[in-house]
Amino acid sequence: MRFCSVCGGSLALEVPPGDDRPRSVCPDCATIHYVNPKIVVGSVCVEHDRVLLCRRAIEPRRGYWTIPAGYLELDESAEDGARREAFEEACARIEIEDLIAVYSVTRAKQIQLLYRARFGEPGYGVGEESLEVAMVGWDELPWNELAFPTVRLVLARARELKDLAGPLVPVRQTVPS
């Protein structure tokens, strides 16, 4: 961010009074511009010991496999966002079961909230952001073709939890990216 969204002035990096870190501050109108992490929401949707995976049609990591996930929108709950992403990427109507992982991906400036889910309605297909969508068995997961480290982590976590019922305690982890 180079210019103030309030007055258009050039921003300076400085530590505002009472703060503990450098921020983008407008010297003209004194507006402090905070830059916060993006929130990513997604789901591990399982049916009959098979996991819904999408081959990415967009960068970054085009052509690699992932779970349906993406950025949370304003005015939507995390659960609604995960459901929306499953529909956008895999044409799947899902029901959220449990939060299974909270990952802080500091280098990518993300907080990821990842859920265990099941199909709310039968069927799935290729969405706009996917090249291919497939149901993959736990023993057939393409570990070497996964798009991001957190996809690997959440799939391993979901596999550990696959036979457990009831509310789960989500794993919380800081992930180097």
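Residues numbered from 1 in each chain as written. Predicted model: local features only at pLDDT ≥ 70, side-chain atom pairs only at ≥ 80, totals over all residues. Heavy atoms only, no water.

1. Quick notes on the pattern of salt bridges
Close approach of charged atoms allows side chains with opposite charge to pair.
Okay, so step 1: Applying the stated criterion across every chain, the model contains 16 salt bridges.
Okay, so step 2: R23 serves as the salt-bridge partner of D19, at 2.8 Å between the closest nitrogen and oxygen.
Okay, so step 3: Residue class for D19 comes out partly exposed when judged on its relative accessible area of 23%.
Okay, so step 4: Given a relative accessible area of 17%, R23 falls into the buried group.
Okay, so step 5: E145 is paired through a salt bridge with R55; the nearest N and O atoms lie 3.7 Å apart. With E145 in the loop between β10 (130-137) and α2 (149-161) and R55 in strand β5 (residues 50-56), the pair connects residues that are 90 residues apart, well separated along the chain.
Okay, so step 6: The exposure class of E145 is partly exposed, given its relative accessible area of 37%. (Salt bridge = Lys/Arg side-chain N within 4 Å of Asp/Glu carboxyl O. Buried < 20%, exposed > 50% of the residue type's maximum accessible area, 1.4 Å probe, protein only. Helix = DSSP H or I, 4+ residues; strand = E, 2+ residues; numbered from the N terminus.)

2. Re the packing of aromatic side chains
Okay, so step 1: Taken as a whole, this structure holds 1 aromatic pair when the rule is applied.
Okay, so step 2: Positioned over the ring face of Y71 is K38, at 5.2 Å from the centre of the ring.
Okay, so step 3: Stacked on the ring of F87, the Lys or Arg R93 has its end atom at 4.0 Å from the ring centre. (Phe/Tyr/Trp six-rings, centres within 6.5 Å; stacked < 30°, edge-to-face > 60°. Lys NZ or Arg CZ within 6 Å of the ring centre and 35° of its normal.)

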